[in-house]
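Descriptive structure summary
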Amino acid sequence: MEQRRIIQILRHGVPDETACVRGWVRTKRELKQFSFVEVNDGSSLANLQVVLDPELPDYDTLVKCLNTGASVEVSGTLVESPAKGQRIELKATTVTVCGEVDSETYPLQKKRHSFEFLRTIAHLRSRTNTLGAVFRVRNAASDAIHRFFQERGFLWIHTPILTASDCEGAGELLSVTHFDLADVPRTEAQAVDYSRDFFGKPAYLTVSGQLEAEVMAMAFGNVYTFGPTFRAENSNTSRHLAEFWMIEPEMAFCDLAGDMDLAEDFLKYLFNAVLEACPEDMEFFNQRIDKGVLERAENILRHDFERVSYTEAIELLEKADRTFEFPVEWGVDLQSEHERYLAEELLGKPLIVYNYPRNIKAFYMRLNDDEKTVAAMDVLVPKIGEIIGGSQREERLDVLERRIRESGLNREDYWWYLDLRRYGSVSHAGFGLGFERLVQFVTGMANIRDVIPFPRAPLTIDF
Ligand code: ATP
Ligand code: MN
């Protein structure tokens, strides 16, 4: 008998067809004439209702074993469902319990569990409605990301996870070493002797694939990365992970305006794709997690993103009739409260802030003619704040060398990066998008730890 996914049966199954499904029991109801078992195989939010007739062989033992969490294989015939809210159900002819469950100890009981509790059972939480929906949306978004770039001729490149360069000089690096930490080799001056470590120099987990993406853009024009990045974030926030996935497109022969256009097209494409691929899951988020999810999605699709310069954004914040925890003046970095005020309260839709003060941005961002700002842009969205950070890169050798010096970085470490400006340099631009922030934004999930299967954060690395 043909083995089918439950989503396919719920959408396309017709009465009298035979079908075989495999999955896990969500609930069981024993009635006098029949028993009902809801089976879920992860393909959809909705379960398939299986009807068990007492005529089935070993009916009593069977029903006893069909506890929440048990894995089953069921064959039977599809019948029209008299129950409300479902079109079709499966009348079982054979039921095999593959793996039983001790219902005394199974942690996922029928009641609602808090997300905090579910994080302590990350090995089982994907069997809940919410986490199931999250990971289906995450999958649909990953697929859409590749389609978006592939349709536009971008080359998917794989940048290294282990690196010797710290990209922005941001102090959030996680070190990688092969030393026996109880006996670290020292130089005569008692400094750590990295020349004897695995790579012969300090090594880290990457915080961004951007510099390497620039290398590849200088050969292929348009490229993108989609891979894990690591930051030793010491703050416990609902928007930061120590390991997260980043999407980083990089485009040669492109300026900041082209970069902003790509970011906007990209977000629109993604929302559209997720709404198409996961309508039930999105409806679920809208009902149960965050009532604004569908409205925000529509909002993204229908409206152009507002574009305001950093200087204008500061003026808007200064005019706001409210006090911020972090005071606003030209030159400060925008805090989450500022970003959310602009996106959520003032405009009620995404906006792109561009031309930031050079002092709060990375050395590789292109210096504007005013010498005070750089061609950087952040996409800010309601509820989350910054979701994308990007820039036009400094393509002029002399300016870049000066900026590296001013940032206190080591010119020698960037010799290959500087070479790109020596040999066939061209204006280019790109951005970085935190994938989990995007999934949070799409689903309305409050905590970033609930949109990645196995979150890594301070003191959190079980599973
Ligand atoms: P934030 O100010 O929120 O810490 P950032 O300025 O450090 O962000 P970038 O260095 O521009 O962020 O990184 C690019 C994108 O990666 C961000 O726009 C965000 O979506 C995402 N991001 C950054 N840090 C994290 C993190 N610790 N966990 C998850 N996503 C992150
Ligand atoms: Mn950060």
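Residues numbered from 1 in each chain as written. Chains lettered and ligands numbered in written order. Predicted model: local features only at pLDDT ≥ 70, side-chain atom pairs only at ≥ 80, totals over all residues. Heavy atoms only, no water.

**Describing the packing of helix α11 (residues 397–406) against helix α12 (residues 415–422)**
The cut-off we apply is this: Lines are fitted to the C-alpha atoms to define the axes, a helix being fitted only along its stretch in contact, and any angle between axes, read from their N-to-C directions, falls within 0 to 180 degrees. In DSSP terms, a helix is any run of H or I states spanning at least four residues, a strand is any run of E spanning at least two, and both are numbered starting from the N terminus. Each angle gets one of four labels, with under 35 degrees taken as roughly parallel, over 145 as roughly antiparallel, 65 to 115 as roughly perpendicular, and the rest as oblique. What makes two residues a contact is simply this: any of their non-hydrogen atoms within 4.5 Å.
Running from N to C, α11 and α12 cross one another at 155°; their axes reach a closest spacing of 9 Å. One way to sum up the angle between α11 and α12 is to call them roughly antiparallel. Taking contact as the criterion, the partners of Leu397, Leu400, Glu401 and Ile404 in α11 are, on α12, Tyr417, Leu418, Arg421 and Arg422.

**Things to note about the pairing of strand β16 (residues 428–434)**
Definition in use: Per-residue accessibility, obtained with a 1.4 Å probe over protein chains only, is compared with the maximum for each type, and a residue is labelled buried under 20%, exposed over 50%, and partly exposed between these values. Two strands are counted as paired when DSSP detects at least two bridges linking them.
Within β16, seven of the seven residues are buried, which leaves it mostly tucked inside the rest of the structure. Residues His428, Gly430, Gly432 and Gly434 point to one face of β16 and Ala429, Phe431 and Leu433 to the other, with burial holding for every one of them. Across five bridges, strand β11 (residues 243–252) lies against β16 in antiparallel orientation. Bridge pairing in β16 links alanine 252 to histidine 428.

**Observations concerning the site of ligand 1**
Spelled out, the test is: A single heavy atom is enough: if one lies within 4 Å of a molecule or strand, its residue is considered near that molecule or strand. Definition of a polar contact: a pair of N or O atoms within 3.5 Å, with one able to donate and the other able to accept a hydrogen when the atoms are protein atoms, and with sequence-neighbouring residues admitted only if both atoms are side-chain atoms. Every accessible area reported is derived by Shrake-Rupley at a probe size of 1.4 Å, with residue values counting cover from the shown protein chains alone. Residue classes follow a fixed rule: Ala, Val, Leu, Ile, Met, Phe, Trp, Tyr, Cys and Pro count as nonpolar, while Asp, Glu, Lys and Arg count as charged, and any other residue, Gly among them, counts as polar.
The environment of ligand 1 is made up of 15 residues, and the closest members are Arg231, Glu233, His240, Leu241 and Glu386. Arginine 231 is positioned such that a nitrogen or oxygen atom in its side chain is 3.0 Å from an oxygen atom of ligand 1. A distance of 3.1 Å separates an oxygen atom of ligand 1 from a polar atom in the backbone of glycine 434. Contact with the protein chains hides 81% of the accessible area of ligand 1, taken as 590 Å² for the molecule alone. For the shell around ligand 1, the secondary-structure elements that each account for two or more residues are β11, β15 (385–392) and β16. Looking at the shell around ligand 1 element by element, the count peaks at four residues for β15. Looking at the shell around ligand 1, its residues break down into six nonpolar, four polar and five charged.

Honestly, that's just the spatial picture; any functional story needs more than this.
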